[in-house]
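Chain and residue survey
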Amino acid sequence: GYPVLVRPSYVLGGRAMEIVRTPEDLSRYMAWAVRALPRGTVLIDKYLMGPEVEVDAISDGETVVIPGVMEHIERAGVHSGDSFAIYPAPGLDRSIQDEMIDYTIRIARALKLVGLVNVQYVIHRNKVHVIEVNPRASRTVPFLSKVTGVPMVSLATRVMLGEKLVDMGWATGLVPPGPLVAVKAPVFSMSKLASVDSYLGPEMKSTGEVMGIDRDPSHALQKAFLASGLTLKKGGAVLLTIADLDKTEIFSIVYRLVELGYQLIATAGTAASLRKAGFSPRVVSKIGEPGPTVLDVIQNGEVDLVINTMSNVYEQVDGKQSVFKDGFEIRRAAVERRIACLTSLDTASALVESAASIEGEMVVRTIKEWRTGT
């Protein structure tokens, strides 16, 4: 059944994974794979739609200490390194979280892991699935160490040298969260990397992370977006080019943008869907069509935000990789103009919700003060 995640057995030309949703998409991908990898293997995994959750732990083979559980803002399908992550995980039922904690402990003990371990889960139809187990440090270790106060690297080093966590005063299980909310945000260098597509998918593209901390989730999100360079000014303009599969999800985001005073600009198909929902967008042409095009409004500085999703990423032309449809040129134009460009509706929703719900001034404290509540 579809959708599925397909990838070659080894990376070639910077292209590895893609989520395909129809037999036609799979045929297109396989045609490329056969030409590019005549002796290679294509691996096919079932793609499960749902929230993604990360758990980091320190294990000595017996005791398993879990500093925190983080929930991604973006649903499964966006690489964990490119996802916004919230600690403590806000949307998990207690039973689901307890199940993940139990799985993490049992996996670490069964594999006799000593040191750091990272486990990634997806919740599909209220059932927990293990995506992958990484018996090593993950990129979230510095983030979790700072916001929880658990010295993860120090503990992992000591257990790898033969000490036991129990002897250091630690017990198996989840460390209770402090009185804060922390958001890990990815940082990209797209403007410095020519010809790189900013579309987010299974392949990691971020080059770093920042974080926002507060007691209020909206303020923590706002700080993380601000630190990563994503901000919404009131009274701006947004360009919307949305794939058919995503059109039903865009309306709540657009409603919030209108509340923030945003003018709506859209291509014909997206504009038609918006009109049916009661919005009044300005219509612009696709690339190569007469009249002002999507590239014109970006290059002329007429928009402050671009939201672009697409159902297919790549196609092959004369045996060479090329970008499918106009998406790449739209995203590159936004990057080169330093205009925020979002390709995940989950990220867009979090951005507009945090901007619309902010009240009062931003509070600044040290990390220690946030952790201790002082």
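Preceding this section is the structure that the text describes.
Attention here is on the structure that accompanies the text. (Residues numbered from 1 in each chain as written. Predicted model: local features only at pLDDT ≥ 70, side-chain atom pairs only at ≥ 80, totals over all residues. Heavy atoms only, no water.)

This part is about the sheet that holds strand β3 (residues 42-46). Taking strand neighbours across the sheet as the criterion, the three strands line up as β2-β1-β3 in an open arrangement whose pairing is antiparallel. The open sheet has two free edges, formed respectively by β2 (18-20) and β3, since each of these has just one partner strand. Across the sheet, the axes of successive neighbouring strands diverge by a mean angle of 30°, strand direction being ignored. Direction of pairing for strand β1 (residues 4-8) relative to β3: antiparallel, over a ladder of five bridges. From the neighbouring strand, Leu5 faces β3, where its bridge partner is Asp45. (Pairing = 2+ DSSP bridges. Helix = DSSP H or I, 4+ residues; strand = E, 2+ residues; numbered from the N terminus. Axes fitted to C-alpha atoms, helices over the stretch in contact; angles between N-to-C directions.)

What follows is about the sheet that holds strand β14 (residues 282-283). Here five strands make up an open sheet; going across it, the order is β14-β13-β12-β15-β18 and the pairing parallel. Each edge of the open sheet is held by one strand with a lone partner, namely β14 and β18 (340-342). Of the strand pairs in this sheet, strand β12 (residues 237-241) and strand β13 (residues 263-266) are connected by four bridges, and their pairing is parallel. The residue bridging Leu240 from the neighbouring strand is Ala266, located in β13. Against the sheet, helix α6 (residues 251-259) engages β12, β13 and β15 (305-308), with an angle of about 170° to β15. (Contact = heavy atoms within 4.5 Å.)

On to the pairing of strand β8 (residues 127-134), then. One ladder, built from seven bridges, connects strand β7 (residues 114-124) with β8; its direction is antiparallel. Of the residues in β8, the one forming a bridge with Val122 is His129. Hairpin connection from β7 to β8: two residues lie between these consecutive antiparallel strands, with Arg125 at a positive phi of about 55°.

This part is about the pattern of salt bridges. Applying the stated criterion across every chain, the model contains 13 salt bridges. Residues Arg94 and Asp98 are paired through a salt bridge, measuring 3.2 Å at the closest nitrogen-oxygen approach. Taken together, the positions of Arg94 and Asp98, both in helix α2 (residues 94-110) and four residues apart, correspond to about one turn of that helix. Residue Asp98 is classed as partly exposed on the basis of its relative accessible area, which comes to 38%. Of the charged contacts in the structure, one is a salt bridge between Arg106 and Asp102, with a shortest N-O distance of 3.0 Å. Within this pair, Arg106 and its partner Asp102 are both found in helix α2, separated by four residues, close to a single helical turn. What makes Asp102 partly exposed here is its relative accessible area of 34%. Through salt bridges with shared partners, one network takes in Arg75, Glu249 and Asp346. (Salt bridge = Lys/Arg side-chain N within 4 Å of Asp/Glu carboxyl O. Buried < 20%, exposed > 50% of the residue type's maximum accessible area, 1.4 Å probe, protein only.)

Let us now look at the packing of aromatic side chains. Tallied over the full model, the rule gives two aromatic pairs. Measuring from centroid to centroid gives 4.8 Å for Phe84 and Phe225, while their planes differ by 40°, and the two rings are tilted. Separated by 141 residues along the polypeptide, Phe84 in the loop between β5 (64-72) and β6 (85-87) and Phe225 in helix α5 (residues 217-228) bring together distant segments of the chain. Phe225 matches Phe84 in its accessibility class, with the two residues each being buried. (Phe/Tyr/Trp six-rings, centres within 6.5 Å; stacked < 30°, edge-to-face > 60°.)

Moving on: the side chain of Thr104. Here Thr104 is to be found in helix α2. The exposure class assigned to Thr104 is buried, which follows from its relative accessible area of 1%. Leave out the neighbours within four places in its chain, and Thr104 touches Val55, Ala57, Ile66, Val119 and Tyr121.

Let us now look at the nonpolar core. The biggest cluster of nonpolar side chains holds 35 residues, and the ones touching the most others in it are Leu240, Ile250, Leu257 and Ile307. If one sorts the elements of this core by residue count, helix α10 (residues 345-357) sits on top with five residues. Among all residues touching Leu257, those that are not within four sequence positions of it are Leu232, Val238, Tyr262, Leu305, Ile307 and Val352. (Core = buried A, V, L, I, M, F, W, Y, C linked by side-chain atoms within 4.5 Å.)

Quick look at the side chain of Ser285 now. Inspection of the secondary structure assignment puts Ser285 in the loop between β14 and α8 (294-299). On the accessibility criterion, Ser285 (15% relative accessible area) is buried. A distance of 2.6 Å separates the side chain of Ser285 from the backbone oxygen of Pro290, its partner in a polar contact. Setting aside residues no more than four positions away along its own chain, Ser285 makes contact with Pro290, Gly291, Pro292, Thr293 and Val294. (Polar contact = N/O pair within 3.5 Å; in protein donor to acceptor, adjacent residues only side chain to side chain.)

Two packed helices can be described by the angle between their axes and the distance between those axes. It is at 9 Å that the axes of α6 and α10 come closest, and there the two elements cross at 30°. In terms of their interaxial angle, α6 and α10 are classed as roughly parallel. The two elements α6 and α10 meet at a crossing, and its hand is left-handed. Here Ile253, Arg256 and Leu257 of α6 come into contact with α10, specifically with Leu345, Ala348, Ser349, Val352, Glu353 and Ala356. For the contact of α6 with α10, the per-class residue count stands at six nonpolar, one polar and two charged. (Parallel < 35°, antiparallel > 145°, perpendicular 65-115°, else oblique. Left-handed = near helix turned anticlockwise from the far one by under 90°. Nonpolar A, V, L, I, M, F, W, Y, C, P; charged D, E, K, R; others polar.)

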